[in-house]
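Observations on the model geometry
Read off the chains here:
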Amino acid sequence: MSYRTALSEVLTSVVGPVAEATAVQGRFPRGTVTALGRAGLLGLTVSTEFGGGGGGLPEAVDVVARTARVCAATAAVLQSHYTAVAVIEAYGGPWTRGEIAAGRHLASLALAESESESESESVVEVQVEGHGPSAETQLLVPRSAATRSGEVVALRARKQRVVAAGEADLYVWSSRPLTAPDGLTLWAVPAHAPDLFVPARAGAAGPRGSATSTVFADPVLVPAEAMLGADGGGLDIVLRTVLPWLLELRAAAGTRRPPALDLGSARRPAGSLAAS
């Protein structure tokens, strides 16, 4: 079955019937996420080596665009998920990639530390299009600290506008480097890690039902091997992977104009779930 056929079935049988209730009640569409996982759509962009669909950014864009016409909250969840998975595909471990491929893991981004949506998005646009030094702000220069003790790292932060906060299974998290003189460092933080806290009231951020909220770590402890890429190398990952994926997916959902980026490096041929 092609991913498009699988998506059509999920949109018709699961997403559509609950979309209005999701928007009105602001309830996270857990049943929808489960159905997307079972249909292979959460694992669409994971390598076939790990049981995924072998797709890339074009397939993710297609899924988000079609989903956005039915449910804005689900589209927002998929935007963050696919962008986080792009990082995990390149730097994550085989177990995590296998869990995502099997539809058992929902991933999300925990990068922004600014209070407002407009500020976060302007930071992204300025950095990508190279218009000036104001890009050195919350998203690209995190204030959050990372401290290593043996094989354990303590991450202390207040992450803003995290989609699927308290609902995702894994967060791609940013911090200041452990020892590198500049840049930032990325981490795979499991949602079940002790001392992660999400406020009871998510606030008005993001589409209703997307569970967009703040995530606190005061601190959260992760193994040192949870680092994604090199210490201090996260800035390059954000610029080359996160921003191209995130902006393209936002544009697909109709929330951003398409950026003038060369996305050739993010594209790869579709695999077993290629469109028919």
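Just so you know, these numbers come straight off a predicted model, no measurement behind them.

Quick notes on the rules
For every chain, the first residue of the written sequence is number 1, and numbering continues from 1 onward in sequence order. With the structure being a predicted model, the display of local features is reserved for residues of pLDDT at least 70 and the display and counting of side-chain atom pairs for 80 or more, all residues being used for whole-chain, interface and lining totals. Based on all heavy atoms of the structure, the side-chain values leave hydrogens and waters out of the count. Within this document, salt bridges are pairs made up of a side-chain nitrogen of Lys or Arg and a carboxyl oxygen of Asp or Glu, the two lying within 4 Å of each other. Each helix is a run of H or I in the DSSP string that is no shorter than four residues. Each strand is a run of E no shorter than two, and both are numbered from the N terminus. The classification of residues rests on relative accessible area computed with a 1.4 Å probe and restricted to protein chains. Under 20% of the type maximum is buried, over 50% is exposed, and intermediate values are partly exposed. Whenever a nitrogen or oxygen atom comes within 3.5 Å of another N or O atom, the pair is scored as a polar contact, on the condition that within protein one atom can donate a hydrogen and the other can accept it, and that pairs from neighbouring residues in sequence are kept only if both atoms are in side chains. How sure the predictor is of each residue is captured by pLDDT, a score from 0 to 100. Throughout, a residue-residue contact means that at least one pair of heavy atoms, one from each residue, lies within 4.5 Å. Only strands that DSSP links by at least two bridges are regarded as paired with each other. Helix axes are fitted only over the stretch in contact, all axes being lines through C-alpha atoms; the angle between N-to-C directions runs from 0 to 180 degrees. Orientation is classified from the angle alone, with under 35 degrees giving roughly parallel, over 145 giving roughly antiparallel, 65 to 115 giving roughly perpendicular, and any other angle giving oblique. The hand of a helix crossing depends on one turn: near helix anticlockwise from the far one by less than a right angle means left-handed, and clockwise means right-handed. Only Asp, Glu, Lys and Arg are considered charged, only Ala, Val, Leu, Ile, Met, Phe, Trp, Tyr, Cys and Pro nonpolar, and every remaining residue, Gly among them, polar.

On to the pattern of salt bridges, then. In total, this model carries 8 salt bridges according to the counting rule given. Asp218 is paired through a salt bridge with Arg156; the nearest N and O atoms lie 2.7 Å apart. Here Asp218, found in strand β7 (residues 213–223), pairs with Arg156, found in strand β3 (residues 152–162); they are 62 residues apart in sequence, far enough to count as distant. Using a relative accessible area of 56% as the deciding quantity, one classes Asp218 as exposed.

Turning to the side chain of Ser210, a few remarks are in order. Turning to its location among the elements, Ser210 is positioned in the loop between β6 (196–197) and β7. At 2.7 Å, the side chain of Ser210 and the backbone oxygen of Pro207 are in polar contact. Looking at Ser210, its side chain comes within polar contact range of the side chain of Thr212, at 2.7 Å.

So, about the confidence of the model for the protein chain. The predicted coordinates should not be examined in detail at positions where pLDDT is low. The predicted model of the protein chain averages 84 in pLDDT, with 80% of residues at 70 or higher. Segment residues 116–137 is flagged for pLDDT under 50; beyond a separation of four residues in sequence, or across chains, it makes 31 contacts in the model. Ignoring residues within four places in sequence, the model shows residues 256–276, a span with pLDDT below 50, making 54 contacts including any to other chains.

Once that is clear, we can look at the sheet that holds strand β4 (residues 170–175). Pairing in this open sheet of 4 strands is mixed, and the strands run β1-β4-β5-β8 from one edge to the other. Sheet topology places β1 (107–110) and β8 (227–228) at the edges, where each strand pairs with a single neighbour. Here helix α7 (residues 234–252) sits on the sheet and contacts β1, β5 (185–190) and β8; the angle it forms with β5, its principal contact strand, is near 65°.

The next thing to look at is the packing of helix α4 (residues 72–91) against α7. Remark: α4 packs on α7, axes separated minimally by 9 Å, with the N-to-C direction vectors making an angle of 150°. Relative to α7, the element α4 is oriented roughly antiparallel. The element α4 and its partner α7 pack so that their crossing is right-handed. Counted together, Gln79, Tyr82, Thr83, Ala86, Val87 and Tyr91 of α4 and Ile237, Thr241, Val242, Trp245, Leu246, Leu249 and Arg250 of α7 form the full contact between these two elements. Looking at the contact of α4 with α7 residue by residue, the classes come out as 9 nonpolar, 3 polar and 1 charged.

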